[in-house]
Amino acid sequence: MVQGATNWNTELTQEWLQNYVDDWVSFYRKHTVDGNVASYIPILQEANRDHLGISIVGKNGMTIRSGDFEVPFTIQSISKVFSFIVACMGRGLSYVLDRVDVEPTGEAFNSIMHLEMTQLKKPFNPMINAGAITVTSMLEGRTSDEKLEPVFQLLERMLDYRPHLNVDAYESERDSSMRNRAIGYYLLETGYLESDLNITLETYFKQCSIEVTLEDLARIGMIIANDGEDPNNKEEIIPRQVARLAKALMLTCGMYDASGKFAAYVGVPAKSGVSGGIIALSPPRVRDEELPFVTGCGIGVYGPALDDKGNSIAGIRLLRHIANQWDLSLF
């Protein structure tokens with residue numbers, strides 16, 4: 001049974017917090033029956049709908065893991081955060097923002113309708129597929145591997161190892177993503193793309209197929225929460241201005257067309273993917289009382305059972321509970 005409101009003005013030991021999180025994960029795992037795994041990418045149908053896991057990494061090094069936290073998965077749309085950061089670092093923030101806006105859409109992440117009906121001068125934001133594909137076209141390189149290399153390099157700097165490309169996931173996505181190809185052709189016709197269409201889409205499918213763990217997402221979230229600086233060695237991995245804009249986009253646009261409700265009820269920057277992964281983060285807060293992870297944390301959640309918006313149904317409910325219990329919200 002989920003434990004209710006708690007007075008955290010006591011010794012916040014790792015063991016104590018671990019017991020709470022284990023309890024919450026056990027409770028919200030039951031909610032996976034309310035969702036379904038993604039079906040439009042064939043390989044994602046193989047995921048276990050009942051999986052639910054979480055990893056939380058604090059600035060002080062404290063780490064909480066619970067549930068199915070060891071299960072690897074592909075990052076899918078979470079990759080949009082990383083390609084946007086890389087594009088801004090390589091081409092400059094103003095260059096990227098001249099070509100992709102930062103406004104929420106209220107439409108589905110793979111919508112084509114809003115592009116044509118609103119006669120946009122640029123895609124709404126880099127967290128929807130049209131904006132992400134446009135951003136991917138800005139990455140330097142003549143081939144998909146060359147364009148993807150700086151994304152791998154960024155991840156390697158944050159994780160201290162180089163994650164690998166899940167080739168089976170890439171091929172499944174490449175062979176089934178007719179909607180993304182349609183978006184790509186529209187972007188090509190309207191002059192948004194800066195590189196060859198096929199190379200751009202190949203790069204996009206590959207970036208979505210990078211495989212990670214929850215520990216990886218939590219560590220990356222901790223660095224972004226810390227304005228791009230690795231708290232372990234004080235190295236600036238992401239320029240502060242870029243990290244802060246990434247956080248703003250995650251908060252306003254990161255959870256597809258449920259971003260507004262997520263910001264209102266959970267209140268932390270986050271980005272989801274249709275594999276069931278969510279990267280979330282809480283920057284340092286100023287509070288009079290002692291609270292868990294008050295100096296900031298990164299959070300990784302995995303639950304492949306999705307709601308009708310494409311977000312992990314149990315994962316969102318788990319995050320909302322933790323954010324409310326630990327006062328993680330920015331508001």
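Up top is the structure.
Residues numbered from 1 in each chain as written. Predicted model: local features only at pLDDT ≥ 70, side-chain atom pairs only at ≥ 80, totals over all residues. Heavy atoms only, no water.

> Would you mind going over the overall build of the protein with me for this structure?
Summing up its helical and strand segments, the protein has 13 helices and seven strands in all. Considering only C-alpha atoms, the protein reaches an extent of 60 × 40 × 35 Å along its principal axes. Across the 331 residues of the protein, 58% fall into the buried class. Summed over its atoms, the accessible surface of the protein is roughly 13500 Å², and 48% of this surface lies on carbon and sulfur atoms. Charged side chains in the protein number 30 positive and 43 negative. The centres of these two groups are separated by 4 Å. (Helix = DSSP H or I, 4+ residues; strand = E, 2+ residues; numbered from the N terminus. Buried < 20%, exposed > 50% of the residue type's maximum accessible area, 1.4 Å probe, protein only. Areas by Shrake-Rupley, 256 points an atom, 1.4 Å probe, with all protein chains shown as cover. Lys, Arg positive; Asp, Glu negative; His and termini not counted. Charge placed at Lys NZ, Arg CZ, Asp CG, Glu CD.)

> Looking at this structure, how should I read the environment of Phe84?
Examined against the element boundaries, Phe84 turns out to sit in helix α2 (residues 79–91). Sequence separation of Phe84 and Val268 is 184 residues, and the distance between their C-alpha atoms is 19 Å.

> Honestly, the pattern of salt bridges in this entry has me stumped. Any pointers?
Side-chain pairs of opposite charge can arise whenever the charged atoms involved come near each other. Taken as a whole and assessed by the stated rule, the structure comprises 20 salt bridges. In this structure, Asp227 and Lys247 form a salt bridge, with 2.6 Å as the shortest nitrogen-oxygen distance. Of this pair, Asp227 sits in the loop between α10 (214–225) and α11 (240–253) while Lys247 sits in helix α11; the two residues are 20 residues apart in sequence, bridging distant segments of the chain. Grouping residues by exposure puts Asp227 and Lys247 together as buried. Sharing partners across several salt bridges, the network here consists of Arg91, Arg99, Glu140 and Glu194. (Salt bridge = Lys/Arg side-chain N within 4 Å of Asp/Glu carboxyl O.)

> Whenever I open this one, the sheet that holds strand β6 (residues 277–282) confuses me. Can you help?
Working definition: the strands of a sheet are paired by backbone hydrogen bonds and lie parallel or antiparallel to each other. Reading across the sheet, the five strands line up as β2-β1-β7-β6-β5 and stay open at both edges, with antiparallel pairing between neighbours. Strands with a single pairing partner mark the edges of an open sheet, and in this sheet they are β2 (63–67) and β5 (270–272). Strand-to-strand twist of the sheet, defined as the mean angle between neighbouring strand axes without regard to direction, takes the value 10°. Sheet analysis places strand β1 (residues 53–58) next to strand β7 (residues 297–302), joined by six bridges and oriented antiparallel. By the bridge assignment for β7, Gly53 is matched with Tyr302. Against the sheet, helix α13 (residues 313–326) engages β1, β6 and β7, with an angle of about 15° to β6. (Pairing = 2+ DSSP bridges. Axes fitted to C-alpha atoms, helices over the stretch in contact; angles between N-to-C directions. Contact = heavy atoms within 4.5 Å.)

> How do you make sense of the side chain of Lys80 when you look at a structure like this?
When you line up the elements, Lys80 lands in helix α2. Buried charge without a partner: Lys80 forms no salt bridge, and the closest opposite charge is Glu173, 8.7 Å away. Those residues within four positions of Lys80 in sequence are excluded, and the remaining contacts are Pro126, Met127, Ile128, Asn129, Ala132, Tyr204, Gln207 and Lys271.

> Just checking my understanding: could you explain the packing of aromatic side chains for this structure?
Two numbers describe a pair of aromatic rings. These are the distance of the centres and the angle of the planes. All chains considered together, the criterion is met by seven aromatic pairs. Ring centres of Phe73 and Tyr302 lie 4.6 Å apart, and the angle between their planes is 10°; on these two criteria the pair is classed as stacked. Taken together, the residues span a long stretch of sequence, with Phe73 in strand β3 (residues 73–74) and Tyr302 in strand β7 at a distance of 229 residues. Residue Phe73 is classed as buried on the basis of its relative accessible area of 4%. For Tyr302, a relative accessible area of 4% gives the class buried. When the ring of Phe293 is compared with that of Trp326, the centres are 5.6 Å apart and the planes differ by 35°; the resulting orientation is tilted. Here Phe293, found in the loop between β6 and β7, pairs with Trp326, found in helix α13; they are 33 residues apart in sequence, far enough to count as distant. This pair shows no difference in class: Phe293 is buried, exactly as Trp326 is. Following the ring pairs from residue to residue traces out a cluster consisting of Trp16, Tyr20, Trp24, Phe293 and Trp326. For the cation-ring pair, Arg99 lies above Tyr95, with the distance from its terminal atom to the ring centre recorded as 3.5 Å. Over the ring of Tyr170 we find Lys206, and its NZ or CZ is 5.5 Å from the ring centre. (Phe/Tyr/Trp six-rings, centres within 6.5 Å; stacked < 30°, edge-to-face > 60°. Lys NZ or Arg CZ within 6 Å of the ring centre and 35° of its normal.)

> What should I look at first to understand unusual backbone geometry in this one?
Generally, phi is negative for residues other than glycine and the peptide bonds are trans, each holding for most cases. Although it is not a glycine, Lys234 adopts a positive phi angle of roughly 65°. Along the chain, Lys234 falls in the loop between α10 and α11. The phi dihedral of Tyr256 falls on the positive side, at around 55°, and the residue is not glycine. Look at Tyr256 and you get buried, because its relative accessible area is 6%.

> It is not clear to me how the pairing of β1 should be interpreted in this structure. Could you clarify?
Walk down a regular strand and you will see the side chains alternate between the two sheet faces. Within β1, six of the six residues are buried, leaving the element largely enclosed by the surrounding structure. The side-chain alternation of β1 yields two buried faces, one formed by Gly53, Ser55 and Val57 and the other by Ile54, Ile56 and Gly58. Two elements, β1 and β2, share five bridges in a ladder whose sense is antiparallel. Bridge pairing links Ile54 to Ser66 in β2.

All we've got here are geometric facts, nothing functional implied.
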